[in-house]
Amino acid sequence: VQLQASGGGLVQPGGSLRLSCAASGFGFDDYAIGWFRQAPGKEHEFVATISGDGGSTRYGDSVKGRFTISRDNAKSTVYLDINNLKPEDTAVYYCAAGFRELRVRTTDYPYWGQGTQVTVSS
């Protein structure tokens, strides 16, 4: 199981980004995919998750209304569209795969990719 997150960068407040999580090595549509983030000195924070068929999603309270998770199973890729970025969104963003849908704990996701840095600053 391999996951690779990409799309991070330096963005001004109010800007937008699309993060991607490309997967390989497993039956992609059998797995829920979650996004988590970790700011310096803080624990991992749940951001969003999507079910294997893409029909169900769940978001962390701090990102509701600004973040949208989606997936393209034909491309084995999950996306995280981020709008109206705020400085407090600055973190390393990770994608992870798990067997159970709509879970919010890091321990529910056995497989993790490397992170992609998002920095929100003027």
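Since the structure is predicted, the reported quantities are computational estimates derived from the model, not experimental observations.

**Things to note about the side chain of Thr49**
Consideration 1: In this structure, Thr49 sits in strand 5 (residues 45-50).
Consideration 2: Only 3.1 Å separates the side chain of Thr49 from the backbone oxygen of Ile33, close enough to count as a polar contact.
Consideration 3: Within the local environment of Thr49, its side chain forms a polar contact with the side chain of Tyr109, the two groups lying 2.8 Å apart.

**A few points about the pattern of salt bridges**
Consideration 1: According to the stated counting rule, one finds six salt bridges in the structure shown.
Consideration 2: The shortest N-O distance in the salt bridge between Asp89 and Arg66 comes to 2.7 Å. Separated by 23 residues along the polypeptide, Asp89 in the loop between strand 8 (77-82) and strand 9 (91-98) and Arg66 in the loop between strand 6 (57-59) and strand 7 (67-72) bring together distant segments of the chain.
Consideration 3: For Asp89, a relative accessible area of 0% puts it in the buried group.
Consideration 4: The closest approach of N and O atoms between Asp108 and Arg105, which form a salt bridge, is 3.3 Å.
Consideration 5: Note on Asp108: relative accessible area 12%, which makes it buried.
Consideration 6: One salt-bridge network, held together by shared partners, links Arg37, Glu45, Arg66 and Asp89.

**Notes on the state of the cysteines**
Consideration 1: Across all of its chains, the model carries one disulfide by this definition.
Consideration 2: Sulfur-sulfur distance for the disulfide between Cys21 and Cys95 comes to 2.1 Å. The sign of the S-S torsion, about 75 degrees, decides the handedness of the disulfide formed by Cys21 and Cys95: right-handed. Linking Cys21 in strand 3 (residues 17-24) with Cys95 in strand 9, this pair joins segments that are 74 residues apart in sequence.
Consideration 3: The class for Cys95 is buried, based on a relative accessible area of 0%.

**Re the packing of aromatic side chains**
Consideration 1: Applying the stated criterion across every chain yields a total of nine aromatic pairs.
Consideration 2: With a centroid separation of 6.1 Å and 55 degrees between ring planes, the pair formed by Phe26 and Phe28 is classed as tilted. Assigned by exposure class, Phe26 and Phe28 land together as buried.
Consideration 3: Ring geometry for Phe26 and Tyr31: centres 4.7 Å apart, planes at 80 degrees, overall edge-to-face. Grouping residues by exposure puts Phe26 and Tyr31 together as buried.
Consideration 4: An aromatic cluster of at least three residues, connected via ring pairs, comprises Phe26, Phe28, Tyr31, Phe99 and Tyr111.
Consideration 5: The cationic tip of Arg71 hangs over the ring face of Phe28; the distance from NZ or CZ to the ring centre is 4.3 Å.

Rules used throughout
Residues numbered from 1 in each chain as written. Predicted model: local features only at pLDDT ≥ 70, side-chain atom pairs only at ≥ 80, totals over all residues. Heavy atoms only, no water. Helix = DSSP H or I, 4+ residues; strand = E, 2+ residues; numbered from the N terminus. Polar contact = N/O pair within 3.5 Å; in protein donor to acceptor, adjacent residues only side chain to side chain. Salt bridge = Lys/Arg side-chain N within 4 Å of Asp/Glu carboxyl O. Buried < 20%, exposed > 50% of the residue type's maximum accessible area, 1.4 Å probe, protein only. Disulfide = S-S within 2.5 Å. Phe/Tyr/Trp six-rings, centres within 6.5 Å; stacked < 30°, edge-to-face > 60°. Lys NZ or Arg CZ within 6 Å of the ring centre and 35° of its normal.

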